[in-house]
Amino acid sequence: MAIQSPTKHATAHHDVLTVSAVAVIVYALSSLLHEGVGHGGGCLLVHAVPIELSSMDFQCSVMNDGTAPARIVAAAGTIATLLGGSIALLLYRTWPRNSVWRYSLWLFAAVNLMQGTGYFLFSGIANIGDWADVIIGLELAWMWRVVLVVVGVVLYTITTVGAFRALDPFIGEARPRRYRHALRLGVVPYLVGAALEIAAGALNPAGLGLVLVSGAAASLGGTSGLAWGPQTLRGSSTPPDMLEIPVAVVERSWITIVLAMLTGTAFIAIFGKGLTFSR
């Protein structure tokens, strides 16, 4: 990724093409973190056999039958997602003022923390997915589902509001420009990431059902905070003398754009259909 100039005035615009490229890379890596590192690592941890890895699914020889190994594999995806997002957030707060790299860290943190906390809510309401597999067979299952929903709502709200508050270096303090900057940095990657996940999922041999339950749910639902989060930044207009507060700007980076093209192509072509390890 090319080195960017550290600051620009709030009247400057973030480059949509580069923001989209960052989104492709972040969403692809986030998916592989959840499925490959998380579920895959959990599968190896319990000495089970990996079967298949795709953009939205990981199959392990351990069955979702409520045994301890099965619960570990099911929970490992979200644990990896939350851990990866937390590390990215810490790096974002201390990273040198290189706009593309720093924005990439922010988006990686936001995507993973939203998907991680959102999974509790999703499994609690729909009773499907990783955390439905974690609580399967437990007594008072309805109570555990309520706990998942409550925890999911609280953590997801805190995550989304906090993520956009942390975006200050890129959006400044001037209103309403602050809100418009946040829209570009949140909604654009949300749409691009969802398109990437659905395009890859369309190639999955498991069919449309998996796309709707996993790919669309994780991208459209799991990271929906990127779409509504900017609304938390609305407020009264800033006096004219505060409109030139400098902010970091995501400028055009052809290295990032080319890298995104390669990443997106590989993600769709290889992980869309899935990699088979054993049967």
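Source: prediction; values computed, not measured. (Residues numbered from 1 in each chain as written. Predicted model: local features only at pLDDT ≥ 70, side-chain atom pairs only at ≥ 80, totals over all residues. Heavy atoms only, no water.)

(A) Structural view of the state of the cysteines. Summed over the entire model, instances satisfying the criterion amount to 1 disulfide. Residue Cys-43 pairs covalently with Cys-60 via a disulfide, S to S 2.2 Å. As the torsion about the S-S bond is roughly 80°, the Cys-43-Cys-60 disulfide counts as right-handed. Taken together, the positions of Cys-43 in helix H1 (residues 16-45) and Cys-60 in strand S2 (residues 57-60) put the pair 17 residues apart, joining distant regions of the chain. Cys-60 carries the same exposure label as Cys-43, and that label is buried. (Disulfide = S-S within 2.5 Å. Helix = DSSP H or I, 4+ residues; strand = E, 2+ residues; numbered from the N terminus. Buried < 20%, exposed > 50% of the residue type's maximum accessible area, 1.4 Å probe, protein only.)

(B) Structural context of the sheet that holds strand S3 (residues 275-276). Strands sit in the order S2-S1-S3 across an open sheet of 3 strands; the sheet is antiparallel. Every other strand in the sheet has two partners, leaving S2 and S3 as the edge strands with one partner each. As paired strands, strand S1 (residues 50-54) and S2 are joined by 4 bridges and run antiparallel to one another. Looking at the pairing, Glu-52 lines up with Gln-59 of S2. (Pairing = 2+ DSSP bridges.)

(C) View of the packing of H1 against helix H2 (residues 68-94). Running from amino to carboxyl end, H1 crosses H2 at an angle of 135°, the nearest separation of the two axes being 7 Å. With respect to H2, the element H1 is oriented oblique. Of the two elements, H1 crosses H2, and the hand of that crossing is right-handed. Every residue of H2 that contacts H1 at Leu-33, His-34, Gly-38, His-39, Gly-42, Cys-43 and Leu-45 is listed here: Ile-72, Val-73, Ala-74, Ala-76, Gly-77, Thr-78, Ala-80, Thr-81 and Gly-84. (Axes fitted to C-alpha atoms, helices over the stretch in contact; angles between N-to-C directions. Parallel < 35°, antiparallel > 145°, perpendicular 65-115°, else oblique. Left-handed = near helix turned anticlockwise from the far one by under 90°. Contact = heavy atoms within 4.5 Å.)

(D) Spatial organisation of a nonpolar patch on the surface. Nonpolar side chains collect at one region of the surface, where Leu-138, Leu-140, Trp-142, Met-143, Trp-144, Val-146, Val-147, Val-150, Val-151, Val-154, Leu-155 and Ile-158 lie side by side and expose about 1000 Å² of accessible area between them. Mapped onto the elements of the fold, Trp-144 is located in helix H5 (residues 141-165). (Patch = residues over 30% accessible without salt bridge, like charges linked within 9 Å, V, L, I, M, F, W, Y side chains within 5 Å. Areas by Shrake-Rupley, 256 points an atom, 1.4 Å probe, with all protein chains shown as cover. Salt bridge = Lys/Arg side-chain N within 4 Å of Asp/Glu carboxyl O.)

(E) Broad picture of the confidence of the model for the protein. Averaged over every residue, the pLDDT of the protein is 87; the share at 70 or more is 86%. The least confident element of the protein, judged by mean pLDDT, is helix H8 (residues 208-221) at 63; the most confident is H1 at 97. Here residues 1-10 is a poorly scored stretch, pLDDT under 50, and it has 39 contacts once near neighbours within four places are set aside; other chains count. (pLDDT = per-residue confidence, 0-100.)

(F) Expanded view of the side chain of Ser-20. Looking at where Ser-20 falls in the secondary structure, it is placed in helix H1. In this structure the side chain of Ser-20 is engaged in a polar contact, spanning 2.8 Å, whose partner is the backbone oxygen of Val-16. Setting aside chain neighbours within four positions, we find Ser-20 in contact with Val-188 and Val-192. (Polar contact = N/O pair within 3.5 Å; in protein donor to acceptor, adjacent residues only side chain to side chain.)

(G) View of the packing of aromatic side chains. Under the counting rule described, the total for this entry stands at 7 aromatic pairs. Aromatic side chains Tyr-103 and Phe-170 sit 6.0 Å apart centroid to centroid with 65° between the ring planes, which places their arrangement in the edge-to-face category. Of the two residues, Tyr-103 sits in helix H3 (residues 99-126) while Phe-170 sits in helix H6 (residues 168-171), which places them 67 residues apart along the sequence. Here Trp-106 and Phe-164 contribute two aromatic rings whose centre-to-centre distance is 5.5 Å and whose plane-to-plane angle is 75°, an arrangement assigned as edge-to-face. With a gap of 58 residues between them, Trp-106 in helix H3 and Phe-164 in helix H5 connect regions that are remote in the sequence. Across the pair, exposure class does not vary: Trp-106 and Phe-164 are buried alike. Among the aromatic residues, those joined into a ring-pair cluster are Tyr-103, Trp-106, Phe-164 and Phe-170. Here the basic side chain of Arg-102 rests over the ring of Tyr-92, its NZ or CZ set 4.6 Å away from the ring centre. Of note, Arg-234 hangs over the ring of Tyr-179, and the distance from its end group to the ring centre comes to 3.9 Å. (Phe/Tyr/Trp six-rings, centres within 6.5 Å; stacked < 30°, edge-to-face > 60°. Lys NZ or Arg CZ within 6 Å of the ring centre and 35° of its normal.)

(H) View of the pattern of salt bridges. Summed over the entire model, instances satisfying the criterion amount to 2 salt bridges. Arg-252 is the salt-bridge partner of Asp-15, the closest N and O atoms lying 2.7 Å from each other. Taken as a pair, Asp-15 in the segment before H1 and Arg-252 in the loop between helix H9 (225-228) and helix H10 (254-271) lie far apart in primary sequence, 237 residues in all. Residue Asp-15 is classed as buried on the basis of its relative accessible area, which comes to 14%.

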